[in-house]
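Listed below, chain by chain, are the residues.
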Amino acid sequence: SASGMSSYLVFSDPLYVNPCIQFFTNRRQERAIKLCLKHLRQHNYSEAFESLQKRTKVQLEHPMLTQLHEKLVGSGDFDEVEVLLDNAFHDGYMEDYTSKQYSAKWEQIHVPDGSPRPGNRGGHPMCIDETAGKVYLFGGWDGKNDLSDFWEYSSPTNTWQCISADTEINSGPCRRSCHKMVLDSKHKLIYILGRYLDLRARVNMELKSDFYCYDIQCDQWNLISSDTGSEGGPNLIYDHQMVLDSELQTIYIFGGKILNNSAHRSEAEYSGLYKYHIPSNVWTVLKPDNDPMLRSRFGHSMLYHPDKKQLFIFAGQREHFLDDFVVYNTHNDTVEQVVCVDETKVPESGFTMRATIDTQHQEIHMMSGLSKDHRTGSKDYSDA
């Protein structure tokens, strides 16, 4: 209306009103019957359920859902459940759901102009404190030299802070690249192990594997070991992988190339699977390099599931690029090979693949890296 008020037309003619009332009454009655059917089935009153459904001729749901309930809840026949779901998918019942599946959306992080930030580099590790929303970065290689700067990124404030321009001056690790770093968010501690040295730098050097811990709350570095190799741990390695179980206070290290100072040693040496118990300061060899069930490698991915106490290991390189997917059970020292039914959906064998694990949704997300065709020898960089 002109005044802005809504106007309504009122019909009282039974010719129009009665069909509407009848439609509403029928729908209300059908809804009440469905609620009764649902209640009877939930409480396993099968005879009453069947009798009411037969008498009223009201279907609680689509017949396919009824079959699914019978196979899943009634008889626990999971094989038949998979057949039903597969048929439902091919019959188009899931098109609305599958058409709305999530996809990756990348967003570049832009920090304020003029604010401090780390320079370009490679061969650097990063770790995250999810509870505090902080990301830590240490070292790397800028194309000419190894670095020893230590940075913290705050997600809430979108800012970088340089904790130390040179950690060696602060009793921390020296310049390095291709090392690994893990964070214990419960105790606010960061552990760093390994580094790469080119042959010229290590020819006349005594190669030792130093092991450091950084206390975030106290802003203090501690040298745990000057040489883990002499204490039952790994020798000096690079491009390995390292994960931490905060509950068990245990660090797991797997793979990586062992550095030596001989230019005449043609065969590469690889490091096996180790665990380090933080409270007792004890190293244990879980799997040596020559274990047939778990081939050592470098440039691979390794993830840890804290609830299942499992290590997920895949990809990397040894004599050639690897594409196996291995699960190591830390609680009983067993190894399982994961085999995918559809090989067309398996990532290509590759090097420097990077992955994260989402334990809540039971998913692993992986970013491809360098891959190589075994037949032609050609290399390819994938962004899948």
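Note: the structure precedes this text.
This one's a predicted model, so the numbers in the text were calculated from it and none came from an experiment. (Residues numbered from 1 in each chain as written. Predicted model: local features only at pLDDT ≥ 70, side-chain atom pairs only at ≥ 80, totals over all residues. Heavy atoms only, no water.)

1. Here we look at the nonpolar core
Tyr191, Phe211, Ile251, Ile253 and Trp283 are the most contacted members of the largest nonpolar core, which totals 16 residues. Looking at this core, the elements with two or more residues in it are β6 (189-193), β7 (211-215), β10 (241-245), β11 (250-254) and β13 (273-277). Here the element with the most residues in this core is β6; it accounts for 3 residues. Among all residues touching Ile253, those that are not within four sequence positions of it are Leu193, Ile237, His240, Gln241, Met242, Gly272, Leu273, Tyr274 and Trp283. Among the nonpolar cores identified, the runner-up in size contains 13 residues, and Tyr304, Leu311, Ile313 and Val335 belong to it. (Core = buried A, V, L, I, M, F, W, Y, C linked by side-chain atoms within 4.5 Å. Buried < 20%, exposed > 50% of the residue type's maximum accessible area, 1.4 Å probe, protein only. Helix = DSSP H or I, 4+ residues; strand = E, 2+ residues; numbered from the N terminus. Contact = heavy atoms within 4.5 Å.)

2. So, the packing of helix α3 (residues 63-74) against helix α4 (residues 78-90)
Direction vectors running N to C along α3 and α4 enclose 160 degrees, while the axes themselves pass 8 Å from each other. When the axes of α3 and α4 are compared, the pair comes out roughly antiparallel. The element α3 and its partner α4 pack so that their crossing is left-handed. Between α3 and α4, the contacting residues are Met64, Gln67, Leu68, Lys71 and Leu72 on the first element and Phe78, Glu80, Val81, Leu84, Leu85 and Ala88 on the second. (Axes fitted to C-alpha atoms, helices over the stretch in contact; angles between N-to-C directions. Parallel < 35°, antiparallel > 145°, perpendicular 65-115°, else oblique. Left-handed = near helix turned anticlockwise from the far one by under 90°.)

3. Section: the packing of aromatic side chains
Counting across every chain of the model gives 19 aromatic pairs. Residues Phe211 and Tyr276 carry aromatic rings whose centres are separated by 5.2 Å and whose planes lie at 85 degrees to one another, so their mutual orientation is edge-to-face. Taken as a pair, Phe211 in strand β7 and Tyr276 in strand β13 lie far apart in primary sequence, 65 residues in all. A residue is classified by how much of its surface remains accessible, and Tyr276, at 3% relative accessible area, is buried. (Phe/Tyr/Trp six-rings, centres within 6.5 Å; stacked < 30°, edge-to-face > 60°.)

4. Overview of a negative patch on the surface
A cluster of acidic side chains, namely Asp79, Glu80, Glu82 and Asp86, defines a negative patch on the protein surface. By the secondary structure assignment, Asp79 is in helix α4. (Patch = residues over 30% accessible without salt bridge, like charges linked within 9 Å, V, L, I, M, F, W, Y side chains within 5 Å. Areas by Shrake-Rupley, 256 points an atom, 1.4 Å probe, with all protein chains shown as cover. Salt bridge = Lys/Arg side-chain N within 4 Å of Asp/Glu carboxyl O. Lys, Arg positive; Asp, Glu negative; His and termini not counted. Charge placed at Lys NZ, Arg CZ, Asp CG, Glu CD.)

5. Topic: the packing of helix α1 (residues 14-42) against helix α2 (residues 46-56)
Between α1 and α2, the least distance of the axes is 9 Å, while the angle of their chain directions is 160 degrees. By the angle class used here, α1 and α2 are roughly antiparallel. Crossing of α1 against α2: the hand is left-handed. Two secondary-structure elements touch here, α1 through Ile33, Cys36, Leu37, Leu40 and Arg41 and α2 through Ala48, Phe49, Leu52, Gln53 and Thr56. Within the contact of α1 with α2, the residues separate by chemical class into 7 nonpolar, 2 polar and 1 charged. (Nonpolar A, V, L, I, M, F, W, Y, C, P; charged D, E, K, R; others polar.)

6. Things to note about the sheet that holds strand β2 (residues 134-141)
Spatial ordering of the open sheet is given by β1-β2-β3-β4, a layout of 4 strands whose pairing is antiparallel. Each of the sheet's edge strands pairs with one partner strand only, and the pair in question is β1 (126-129) and β4 (159-164). Sheet twist, expressed as the mean angle between neighbouring strand axes with direction ignored, is 25 degrees. As defined by bridge partners, β1 adjoins β2 across 4 bridges and the pair is classed as antiparallel. (Pairing = 2+ DSSP bridges.)

7. Some thoughts on the sheet that holds strand β5 (residues 180-184)
Pairing is antiparallel in the open sheet, where 4 strands are placed in the order β5-β6-β7-β8. Across the chains shown, the open sheet's two edge strands, defined by having one partner strand only, are β5 and β8 (220-225). Strand after strand, the sheet turns through a mean of 20 degrees between neighbouring axes, direction not considered.

8. A few points about α4
Spanning 13 residues, α4 covers 18 Å between terminal C-alpha atoms, matching the ideal 18 Å at 1.5 Å per step. Looking at α4, one finds that the buried residues are Val81, Leu84 and Ala88. For α4, the buried positions fall inside an angular range of 60 degrees around the axis, keeping them on one side. For α4, the exposed residues lying more than 90 degrees away from the buried face are Asp79, Glu82 and His90. Where α4 is buried, its residues touch α3. Residue Gly92 follows α4 closely and has a positive phi angle near 90 degrees. (Expected span 1.5 Å × (residues − 1). Arc of directions from axis to C-beta.)

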